[in-house]
2 protein chains.
Amino acid sequence: MSLTVVGSIAFDAVKTPFGEREKMLGGSAVHFALAASFFTDVRVVGPVGEDFGSDQLAVLEGRGVATDDIERIEGGETFFWRGHYEHDMNVAHTDETQLNVFEHFEPKLSEASRASEVLFLGNIQPDLQRQVRAEATGACFAALDSMNLWIDIARDSLLAAIGEIDCLLLNDAELRMLTGKPNLALAAEAVMELGPSIVVAKRGEYGAALFTADDTFAIPALPLTEVRDPTGAGDSFAGGFLGYLDGAGAGEGAASISGEELRRAMAFGSTMASFNVQDFGTERVSCLSRDEIDARVGEFKALTHFEHS
Amino acid sequence: MSLTVVGSIAFDAVKTPFGEREKMLGGSAVHFALAASFFTDVRVVGPVGEDFGSDQLAVLEGRGVATDDIERIEGGETFFWRGHYEHDMNVAHTDETQLNVFEHFEPKLSEASRASEVLFLGNIQPDLQRQVRAEATGACFAALDSMNLWIDIARDSLLAAIGEIDCLLLNDAELRMLTGKPNLALAAEAVMELGPSIVVAKRGEYGAALFTADDTFAIPALPLTEVRDPTGAGDSFAGGFLGYLDGAGAGEGAASISGEELRRAMAFGSTMASFNVQDFGTERVSCLSRDEIDARVGEFKALTHFEHS
């Protein structure tokens, strides 16, 4: 089993009511890969600039993530995002975005990345997502994330990309925007008509919901007293979710995944997101242990359990 | 066991993308009482005008709700609310409010209402809530709902009222506003320092969360494909929650309620809210059966269940 992720690798500058960092490792592919690394072998595909150093690579490699498909662009600078959060940490305010090497990113998959059984298409331009999907011939299970920008300016491309994957992960507001259906259950049904058999609605501090043709599952987020930086929570969720699924055999194809496994994957995804937000950037997830993860999945179970006599 | 509710009795005019009603029975005490009536004996205290007729009383009495403390004000008109919902049904837009007989409401509790073991103070002016709490000498368990208006204009009264009850139910945004704590878990802790040992955060389409000194529980809402009118969902939740608790012996005092019972009460509250939103006003809840309710609690359990091996 092996999981390839294509997406952004970034330096983030983040300020929240609980502190700030001027230049820390971030990006959707990074948060995803670190979270997934606890469950399976992970390969990262994405571009960096000359400013991306061995310290950053060491964070990924320290978790066993394969970095050979991280492409270093000579003379280039790494994607940079600056943002801040007010007391309502559900809303990220973007102050600056420098696409840098990401602007002309042409994903190049090595033999090994093409052979991965599971593929995650992080939030990049939908035509690039389609191109990667087509190249990743070994992937029997592909999932995709996107954002409001692409729904706005590249809707047809995005719909085509969604038609070629097994699992769509989006924020609930984006699911509504994409389908024009304000009702989330109906929005999920509309997505399933486009192709994916699995739809995950990410709901920030409210958790996440899962829709398939014959099941609906919802899991609240853990009400944490300590939330320091939500950046990357959605990608950490996706990494835990797909990493767990790959470990559970999703590489055999979507039809091979049981509803029970999907529900557990939602709990592992939620768990990785909950750790992510407890500290800045990758600081918490990169130094986690599998025992801590399992214990927190147990906390999620305790959070939602009740007996119906 | 017996549960008294003090709150508004109203005529509502509501328009949603799925239909409209010009003058239907509503109000916090009505929605609460109907939901609670499936679990315990309920008494309603509140004012109506001469326009409130036997048809409206029959809806309550049809569910066995005691209406002797509904006070008919001669020459008065019943509280009237007109509102509408856009496609985002989480936000109620108020178009018109006529307080009418509610403007000078002086709650009068009969002997029987004062003797109820459980008391629910619906969303009315906090000094009135305190007055009712003081009169309801039989109540060993009292819960309170409020709204942003009172946090704004009667904050000290509201804090005093909260100091005299066992359980506070508020929307999560209102809990943050009341305590000045954007983190929900910390907001709940701050409320517990004011007096209540049980704090329930209502979260609309995202469900509800429960906080006590030694437990945290969260339950998502059921993702329904059919949501016709959310008016009264929060009061239906409170009715199911407190009605179930009264039936389970909450009248012995907050300390007598087990964590397991509180969690089940959250599921029954969520269940009653889920029925409420499926049709206009009281139309769905007033014709429910207990079997339907139990089956839906089972759906909530299925919605959130996962095995952690």
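See the structure shown above.
1. Topic: the overall build of chain A
For step 1, the next point in the chain: Along its length, chain A carries 11 helices and 13 strands.
For step 2, the next point in the chain: A compact globule built from 309 residues would reach a C-alpha radius of gyration of about 19 Å, and chain A, at 18 Å, matches this within 12%.
For step 3, the next point in the chain: In terms of its C-alpha atoms, chain A occupies a principal-axis envelope of roughly 65 × 40 × 35 Å.
For step 4, the next point in the chain: The proportion of buried residues among the 309 residues of chain A is 59%.

2. Regarding helix 10 (residues 259-276) of chain B
For step 1, the next point in the chain: Taking 1.5 Å of rise per residue, the 18 residues of helix 10 of chain B would be expected to cover 26 Å, and the 26 Å separating its terminal C-alpha atoms lies within 8% of that figure.
For step 2, the next point in the chain: Taken across its 18 residues, helix 10 of chain B has 16 buried, putting it largely inside the fold.

3. Focus on the relation of the copies chain B and chain A
For step 1, the next point in the chain: The operation relating chain B to chain A is a screw motion whose rotation component is 180°, with 0.0 Å of axial translation and a residual RMSD of 0.0 Å. Between the two chains, the operation in question is that of a two-fold axis.
For step 2, the next point in the chain: Most of the interface of chain B is mirrored in chain A: 100% of its interface residues are interface residues there too.

4. Describing the pattern of salt bridges
For step 1, the next point in the chain: Tallying each qualifying case throughout the model produces 34 salt bridges over all chains.
For step 2, the next point in the chain: When the shortest N-O distance is used, the salt bridge between R176(B) and E205(A) registers 2.8 Å. A residue pair is termed interchain when its members come from two chains, as with R176(B) in helix 7 (residues 172-179) and E205(A) in the loop between strand 11 (198-202) and strand 12 (208-212).
For step 3, the next point in the chain: Linked through salt bridges whose partners overlap, the residues forming this network are D172(A), R176(A), R203(A) and E205(B).

5. A look at the sheet that holds strand 2 (residues 10-16) of chain A
Residues and elements named next belong to chain A.
For step 1, the next point in the chain: As summarised here, the arrangement of the 4 strands in space is 3-2-6-7, forming an open sheet in which the pairing is mixed. Edge strands, defined here as strands with exactly one partner in the open sheet, are strand 3 (19-26) and strand 7 (92-98). Each strand of the sheet is rotated relative to its neighbour by a mean of 15°, with strand direction disregarded.
For step 2, the next point in the chain: Relative to strand 3, strand 2 is paired through 6 bridges, and the arrangement is antiparallel. Along strand 3, the bridge assignment pairs T16 with G19.

6. Here's the deal with the environment of G26(B)
Residues and elements named next belong to chain B.
For step 1, the next point in the chain: Within the secondary structure, G26 sits in strand 3 (residues 19-26).
For step 2, the next point in the chain: Classification of G26 by relative accessible area gives buried; the value is 0%.
For step 3, the next point in the chain: A C-alpha to C-alpha distance of 7.0 Å links G26 and T282, two positions 256 residues apart in sequence.

7. Comments concerning the sheet that holds strand 11 of chain A
Residues and elements named next belong to chain A.
For step 1, the next point in the chain: Pairing is mixed across the open sheet formed by 9 strands, whose spatial order is 5-4-1-8-9-10-11-12-13. In this open sheet, the two strands that pair with only one neighbour each are strand 5 (70-72) and strand 13 (215-219). Shown here is a sheet whose adjacent strand axes are inclined to one another by a mean of 15°, direction ignored.
For step 2, the next point in the chain: In this sheet, strand 13 lies alongside strand 12 in antiparallel orientation, the contact comprising 5 bridges. Within strand 13, the position partnered with A209 by the bridge is A218.
For step 3, the next point in the chain: Strands in contact with helix 10 (residues 259-276) are strand 11, strand 12 and strand 13; relative to strand 13, the strand with the most contacts, it is inclined by about 20°.

8. Here's the deal with the nonpolar core
For step 1, the next point in the chain: Within the largest apolar cluster, 108 residues are counted, with the highest numbers of intra-cluster contacts made by F141(B) and F241(B).
For step 2, the next point in the chain: Sorting elements by how many residues they give to this core places helix 10 of chain B first, with 8 residues.
For step 3, the next point in the chain: Leaving out residues up to four positions away in the same chain, F241(B) has contacts with C167(B), L169(B), I198(B), V200(B), L210(B), L262(B), A265(B), M266(B) and G269(B).
For step 4, the next point in the chain: Residues F32(A), A36(A), A143(A) and L242(A) belong to the second largest nonpolar core, which totals 106 residues.

9. Examining the packing of aromatic side chains
For step 1, the next point in the chain: Inspection of every chain in the model, using the stated rule, returns 19 aromatic pairs over all chains.
For step 2, the next point in the chain: Consider the rings of F79(B) and F102(B), whose centres lie 5.3 Å apart with planes at 65°: the pair is edge-to-face. Taken together, the residues span a long stretch of sequence, with F79(B) in strand 6 (residues 79-85) and F102(B) in the loop between strand 7 (92-98) and helix 3 (111-115) at a distance of 23 residues. No difference in accessibility class separates F79(B) from F102(B), as the two residues are buried.
For step 3, the next point in the chain: Three or more aromatic residues link up through ring pairs in this structure, and these residues are F39(A), Y244(A) and F268(A).
For step 4, the next point in the chain: The ring of F11(A) carries the charged tip of K23(A) above its face, separated from the ring centre by 4.5 Å.
For step 5, the next point in the chain: The residue whose ring lies beneath R63(B) is F38(B), and the NZ or CZ to ring-centre distance is 3.6 Å.

10. Regarding unusual backbone geometry
For step 1, the next point in the chain: Residues other than glycine seldom take positive phi values, yet N100(A) does so here, at roughly 50°.
For step 2, the next point in the chain: Judged by its relative accessible area of 26%, N100(A) is partly exposed.

11. As for the packing of helix 9 (residues 233-247) of chain B against helix 10 of chain B
Residues and elements named next belong to chain B.
For step 1, the next point in the chain: As a packed pair, helix 9 and helix 10 sit with axes 7 Å apart at the nearest point and diverge in direction by 145°. The interaxial crossing formed by helix 9 with helix 10 has right-handed handedness. On helix 10, the residues touching A233, S236, F237, G240, F241, Y244 and L245 of helix 9 are E261, L262, R264, A265, M266, F268, G269, S270, M272, A273 and N276.
For step 2, the next point in the chain: Among the residues making up the contact of helix 9 with helix 10, the classes are represented as 11 nonpolar, 5 polar and 2 charged.

12. Concerning the interface of chain B and chain A
For step 1, the next point in the chain: Counting from both sides, the interface comprises 39 residues of chain B and, opposite them, 40 residues of chain A.
For step 2, the next point in the chain: Between chain B and chain A, a total of about 3,500 Å² is buried, with carbon and sulfur atoms accounting for 57% of that surface.
For step 3, the next point in the chain: The largest per-residue losses of area from chain B upon contact with chain A belong to Y206(B), F306(B) and H308(B), which jointly make up 21% of the total buried on that side.
For step 4, the next point in the chain: Linking chain B to chain A there are 2 salt bridges.
For step 5, the next point in the chain: Elements represented by at least two residues in the side of chain B that touches chain A include exactly helix 7, helix 8 (184-194), strand 13 (215-219), helix 10 and helix 11 (290-304) of chain B.
For step 6, the next point in the chain: Its residues assigned to classes, the side of chain B that touches chain A comprises 18 nonpolar, 9 polar and 12 charged.

13. Brief notes about the side chain of S146(B)
All names here are of chain B.
For step 1, the next point in the chain: Relative to the assigned elements, S146 resides in the loop between strand 9 (141-145) and helix 5 (148-153).
For step 2, the next point in the chain: Judged by relative accessible area, which is 4%, S146 ranks as buried.
For step 3, the next point in the chain: In this structure, S146 is in contact with N123, L158, L169, L170 and E174, ignoring residues within four places of it in sequence.

14. Points about the state of the cysteines
Residue and element names in this part refer to chain B.
For step 1, the next point in the chain: Going through the model one piece at a time under the given rule, you end up with 0 disulfides over all chains.
For step 2, the next point in the chain: Free of any disulfide, C140 has its nearest neighbouring cysteine sulfur in C167, separated by 15 Å.
For step 3, the next point in the chain: Residue classification places C140 among the partly exposed residues on the basis of a relative accessible area of 42%.

15. Quick notes on the side chain of T40(B)
Residue and element names in this part refer to chain B.
For step 1, the next point in the chain: Mapped onto the secondary structure, T40 falls in the loop between helix 1 (28-36) and strand 4 (42-48).
For step 2, the next point in the chain: Side chain to side chain, T40 and D246 meet in a polar contact 2.7 Å long.
For step 3, the next point in the chain: Excluding anything up to four places from it in sequence, T40 contacts M1, S2, L3, G243, D246 and G247.

Criteria and cut-off values
- Within any chain, residue numbers begin from 1 and follow the written order of that chain's sequence.
- Whichever chain is written first is A, and whichever ligand is written first is 1; the rest continue in order.
- Selection of residues for local features in this predicted model requires a pLDDT of at least 70, selection of side-chain atom pairs for listing and counting requires 80 or more, and totals for whole chains, interfaces and linings are taken over all residues.
- As a convention, hydrogens and water are excluded, and side-chain values are obtained from all of the structure's heavy atoms.
- In this description a helix means any DSSP run of H or I spanning at least four residues, a strand means any run of E spanning at least two, and both kinds are numbered starting from the N terminus.
- Every radius of gyration here is taken over C-alpha atoms, with the globule rule written as 2.2 Å times N^0.38, N being the number of residues.
- Here's how the labels work: a residue is buried when its accessible area is under 20% of the maximum for its type, exposed when over 50%, partly exposed in between, all with a 1.4 Å probe on protein chains only.
- Expected helix span is taken as 1.5 Å per residue step, with the number of steps being one fewer than the number of residues.
- Copies are brought into register by a least-squares superposition over C-alpha atoms of residues with pLDDT of at least 70 in both.
- We call two residues contacting when some pair of their heavy atoms lies within 4.5 Å.
- Any Lys or Arg side-chain nitrogen found within 4 Å of a carboxyl oxygen on Asp or Glu counts as a salt bridge.
- A pair of strands is treated as paired once DSSP finds two or more bridges between them.
- For helices, the axis comes from a line fit to the C-alpha atoms of the stretch in contact; other axes are also lines fit to C-alpha atoms, and the angle between any two N-to-C directions lies between 0 and 180 degrees.
- We call a set of buried residues a nonpolar core when its members are Ala, Val, Leu, Ile, Met, Phe, Trp, Tyr or Cys and they connect through side-chain atoms within 4.5 Å of each other.
- Here is the rule: rings of Phe, Tyr and Trp (six-membered ring for Trp) pair when centre to centre is within 6.5 Å. Planes less than 30 degrees apart are stacked, more than 60 are edge-to-face, and the remainder are tilted.
- Two limits define a charge over a ring: the Lys NZ or Arg CZ must be within 6 Å of the ring centre, and within 35 degrees of the ring normal.
- Two helices crossing with the near one rotated counterclockwise from the far one by less than a right angle form a left-handed crossing, whereas a clockwise rotation gives a right-handed crossing.
- Any residue that is not Ala, Val, Leu, Ile, Met, Phe, Trp, Tyr, Cys, Pro, Asp, Glu, Lys or Arg is counted as polar, Gly included; the first ten are nonpolar and the last four charged.
- By definition, the buried area sums, over both parts, the 1.4 Å-probe accessible area that each loses when the two are put together.
- Any two cysteine sulfur atoms lying within 2.5 Å of each other are counted as a disulfide.
- Under this definition, polar contacts are N or O atom pairs within 3.5 Å; protein pairs additionally need one hydrogen-donor-capable and one acceptor-capable atom, and for neighbouring residues in sequence, both atoms have to be side-chain atoms.

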